[in-house]
Amino acid sequence: MNEQRPDIIQHRYDKMDKLREDGIEPFAYSYNQTHHSADIIGNFESLSESEEKVSVAGRLLSIRGHGKSAFAHILDRKGKIQIYVKKNVVGDEQYELFQLFDIGDFIGIEGTVFKTRTGEITVNAESLTMLAKSLYPLPEKWHGLADKEIRYRQRYLDLIANQEVVELFRKRTEIYKAIREFLDSHGFVEVETPILQPIYGGGFARPFLTHFNALDMDVYLRIADELYLKRLIVGGMERVYEFCKDFRNEGLDRSHNPEFSMVELYCAYWDYKDMMDFYEKMMENIAQKVNGSYEVEHEKGKINLKGPYKRIPMLDAIAEKTGVDFAGTDYEKARELAKEAGVDVENKRNWGQVVEEVFGEKVQPDLIQPTFITDFPADISPLARPHREKPGYSERFEIYIAGEELGNAFSELNDPVVQRQKFEELQTLRQKGDDEAPPLDEDFLHALEYGMPPTAGLGFGLDRMVMLLTNSHSIRDVIFFPMMRPEVSGEDPEE
RNA sequence: GCGCCAUUAGCUCAGCUGGUAGAGCAACUGACUCUUAAUCAGUGGGUCGAAGGUUCGAGCCCUUCAUGGCGCACCA
């Protein structure tokens, strides 16, 4: 099976065999790594002064040989550092060993620190250790790895070849941390709720369905955790949040991955206006911690995340932009107005859906600076409270930044009787063929019957948050392993 | 689902009007003890995404398929 290996790979197998023949294990069990690249560079003065021995370990990235000496770079988790291997320092035997090293190998180097004639801080190797042989060549050093398919499928290569990718994902982690710190410092408690749910809800989406053998029952992968977090509010926890992987059985494009991340948070005794204030503070805080600035250079323009953000009711935003006023219209009239405005609302099944479609077509793309769109139609907000002053509307907002929805929040509906009616309306939608309307959740309604305090809830997509703060064009660039079609591997046993 | 584009050496890419495939890096051999895209001399490396078709002859033209990218549609 191996006769057909390309030479470039066979040579590495040969070197591995040679190492074993020489009694050297090509895959070491451990190594005492005392320093990282950046630590050595940061502490150069004292390390070179003291002539202290340092041990670095990492992946060999490049070799520049000069006969009886060589320079090389290794990559560890804090960056790159140069090493210098000189025959009369390491000895003949170790220099022979060095000849069996390839770019891509994990190696360890012990030695002292010095600065070369050209000023680069370098570890002068005194002993070399093979830590793990690399049997397959890395992408080329100069042009790097550009093929997006390989970058997504083999993210490890992307991380080796493209350091800015490492930075981006580090930033993703910083964002998670900033959110956690902010919520924790405001008395929120991080919780976990079921991913496998007997009834899905909390959003509009088609779910993934799977089967639980032990109880012989079908279960759904959650599309949201909303209904479980609200049960915790019923239980008196007052302030809860969850970093939540959700699953939606929908298409793939540059802003949708079937598996994605959200944060949902719920706060008892707040309403949606309190939540707007909170969102502004949170966003400012994240931007400062992660980017050190309120300004984001985005492909759609410079965005200023400093609050307060503009707040405007959805119908006003539409009227302002298009001159079309949906106030006081019914379903039929709204459809007429939408068609006049050139928006296709053929498959929209109620008044709110029509209005929302016009908003999405005509207004949303231009909401570049942070904008709260408030007072959504009640018939597309089944889990939100009816507006206290405006019948037919709900106490709900969505925040738009760079033309994308970056959060959805409302004063939570806590009247179990009204909530039941809302669920029943959803069932009517389902019967009309809306396969995204969620089913009625009797267990959740029962929880509300015990009493839920007035509460505001907020959910926002983490992937989109990361895209915004890193100016990423595609969600695949901010998810380590985005969903991909399986690679075809020769024979196909199916069929 | 629709449209456009891409798929050639391990990687990044050329390849004209159809005439049996090329560069840089990587690899291999040799020289070289402060280089850093090291340098110099030499060598090897390909099922041109897959399958059909047209042709005396296909990397190139045609058809179908696969995968990916971008855009549109869908999508809270």
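Located above this text is the structure these notes cover.
Thresholds, definitions, all that
- The written sequence of each chain sets the order in which its residues are numbered from 1.
- Chain labels run from A onward and ligand labels from 1 onward, assigned in the order the entries are written.
- Local features in this predicted model are restricted to residues whose pLDDT is 70 or higher, and side-chain atom pairs enter the listing and the counts only when it is 80 or higher, whereas totals over whole chains, interfaces and linings include all residues.
- Only hydrogens and water are set aside when side-chain values are computed; all heavy atoms of the structure are taken into account.
- Geometry is summarised by axes, namely lines fitted to C-alpha atoms with helices restricted to the contacting stretch, and by angles between N-to-C directions that run from 0 to 180 degrees.
- Numbering goes from the N terminus for both helices and strands, where a helix is a DSSP run of H or I of at least four residues and a strand is a run of E of at least two.
- Roughly parallel means an angle under 35 degrees; roughly antiparallel, over 145; roughly perpendicular, 65 to 115; everything else is oblique.
- By convention, the crossing between two helices is left-handed when the near helix turns anticlockwise from the far helix through less than a right angle, and right-handed when the turn is clockwise.
- Only heavy atoms matter for contacts: two residues are in contact if any of them lie within 4.5 Å across the pair.
- Classification convention: Asp, Glu, Lys, Arg as charged; Ala, Val, Leu, Ile, Met, Phe, Trp, Tyr, Cys, Pro as nonpolar; all other residues, Gly among them, as polar.
- In this analysis, the expected span of each helix is defined as 1.5 Å times one less than the number of residues it contains.
- Using a 1.4 Å probe on the protein chains alone, a residue whose accessible area is under 20% of its type maximum counts as buried, one over 50% counts as exposed, and one in between counts as partly exposed.
- In this context, the arc is that of the directions from the helix axis out to the C-beta atoms.
- Proximity is defined per residue: any heavy atom of the residue falling within 4 Å of a molecule or strand makes that residue near it.
- Each polar contact in these results corresponds to two N or O atoms within 3.5 Å; when the atoms are within protein, one needs to be able to donate a hydrogen and the other to accept it, and residues that are neighboring in sequence are counted only if both atoms are side-chain atoms.

Chemist: Can you walk me through the packing of helix α8 (residues 163-185) against helix α16 (residues 462-470) in this structure?
Modeler: Between two packed helices, the angle of one axis relative to the other and the distance separating the axes together describe the packing. Contact geometry of α8 with α16 gives a least axis separation of 10 Å together with a crossing angle of 120°. Of the possible angle classes, the one that applies to α8 and α16 is oblique. Handedness of the α8/α16 crossing: right-handed. Mapping the contact onto sequence places L168, K171, R172, I175, Y176 and I179 in α8 and L462, D463, M465, V466, L469 and T470 in α16. When grouped by side-chain class, the residues that make up the contact of α8 with α16 number eight nonpolar, one polar and three charged.

Chemist: Help me understand helix α14 (residues 416-431), please; the structure alone is not making it clear to me.
Modeler: Helical periodicity: at 3.6 residues per turn, an α-helix aligns residues three or four positions apart in one direction. Spanning 16 residues, α14 covers 23 Å between terminal C-alpha atoms, matching the ideal 22 Å at 1.5 Å per step. Every buried residue of α14 is accounted for by Q419, K422, F423, L426, Q427 and L429. Viewed along the axis of α14, the buried residues span an arc of 155°, placing them on a single side of the element. Exposed and oriented more than 90 degrees from the buried face of α14 are V417 and Q431. Elements that come into contact with the buried residues of α14 comprise α13 (351-363) and α15 (442-449).

Chemist: Which parts of the structure should I look at to understand the protein's contact with RNA strand B?
Modeler: Residues in contact with RNA strand B amount to 53 residues; listed here are only the nearest, G65, K86, T118, K141 and E149. Counting only the atoms of RNA strand B that lie within 4 Å of the protein, the sugar and phosphate share comes to 54%. Take S69: an N or O atom from its side chain is 3.1 Å from a sugar or linking oxygen of RNA strand B. Contact between RNA strand B and E436: a phosphate oxygen at 2.5 Å from a side-chain N or O atom of the residue. At the level of elements, α1 (7-21), β1 (54-65), β2 (69-76), β3 (79-86) and α6 (148-153) are the ones that each hand at least two residues to the surface near RNA strand B. Along the lines of polarity and charge, the residues of the surface near RNA strand B split into 15 nonpolar, 16 polar and 22 charged.

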